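# Topology and contacts: notes
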Amino acid sequence: LYAFISLIDLGVSRSSENFCNTLLEEHNIATVPGSAFGQEGFVRLSFGETEEELTESIRKLSEVLKKK
């Protein structure tokens, strides 16, 4: 249901809170910063939505990561 992913593995060099805020505010993708779990440098993704929602969110996230 959840994935805890390293920001380094995603090629992201910002804080987890900053990255998650940007995803939500600019791309309407909700994630949880690893810092909320005492693990800065990670992001938690949830896969509890419909297949259509997940597909769209993954597409958006892929575009964001390509542009960084």
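In case you missed it, the structure is sitting above this.
Just so it is clear, the model here is predicted, and its values are computed rather than measured.

What follows covers the layout of surface pockets. In this structure, the largest pocket occupies an estimated 420 Å³ of space. As for the largest pocket, its lining consists of 18 residues, of which Ile 29, Ala 30, Ser 46, Leu 54 and Ser 57 are closest to the centre. Mapped by element, the contributors of at least two residues to the lining of the largest pocket are strand S3 (42-46) and helix H3 (51-67).

Under the criterion given, the structure shown has two salt bridges. In this structure, the salt-bridge partner of Glu 56 is Arg 59, at a minimum N-O distance of 2.4 Å. Here Glu 56 pairs with Arg 59, and both are found in helix H3, just three residues apart, close to one helical turn. Classification of Glu 56 by relative accessible area gives partly exposed; the value is 32%. Here Arg 59 falls in the partly exposed class, since its relative accessible area comes to 37%.

Quick look at the nonpolar core now. Counting residues in each nonpolar core, the largest one holds eleven residues, listed as Leu 7, Val 12, Phe 19, Cys 20, Leu 23, Ile 29, Val 43, Leu 45, Leu 61, Val 64 and Leu 65. Among the elements of the structure, helix H2 (16-27), S3 and H3 are those that each provide at least two residues to this core. Aside from chain neighbours lying at most four places away, what touches Val 64 is Leu 23 and His 27.

With respect to topology, three strands assemble into an open sheet ordered S1-S3-S2, the strand pairing being antiparallel. Both outer strands of the open sheet, strand S1 (2-6) and strand S2 (32-33), are each paired with one neighbouring strand and no more.

Before going further, it helps to examine the packing of aromatic side chains. This model, assessed by the stated rule, comprises two aromatic pairs. An angle of 85° between the planes, with centres 5.8 Å apart, marks the rings of Phe 4 and Phe 37 as edge-to-face. Here Phe 37 lies in the loop between S2 and S3 and Phe 4 lies in strand S1, a separation of 33 residues in the sequence. Of the residues examined, Phe 4 reaches a relative accessible area of 39% and is grouped as partly exposed. Of the residues examined, Phe 37 reaches a relative accessible area of 42% and is grouped as partly exposed.

Basis of the calculations
- Residues numbered from 1 in each chain as written.
- Predicted model: local features only at pLDDT ≥ 70, side-chain atom pairs only at ≥ 80, totals over all residues.
- Heavy atoms only, no water.
- 1 Å grid on protein atoms, 1.4 Å probe; cavity = no way out; pocket = protein on both sides within 12 Å on 5 of 7 lines; lining within 4 Å.
- Points joined across faces, edges and corners; volume = space filled by probe spheres on them.
- Helix = DSSP H or I, 4+ residues; strand = E, 2+ residues; numbered from the N terminus.
- Salt bridge = Lys/Arg side-chain N within 4 Å of Asp/Glu carboxyl O.
- Buried < 20%, exposed > 50% of the residue type's maximum accessible area, 1.4 Å probe, protein only.
- Core = buried A, V, L, I, M, F, W, Y, C linked by side-chain atoms within 4.5 Å.
- Contact = heavy atoms within 4.5 Å.
- Pairing = 2+ DSSP bridges.
- Phe/Tyr/Trp six-rings, centres within 6.5 Å; stacked < 30°, edge-to-face > 60°.

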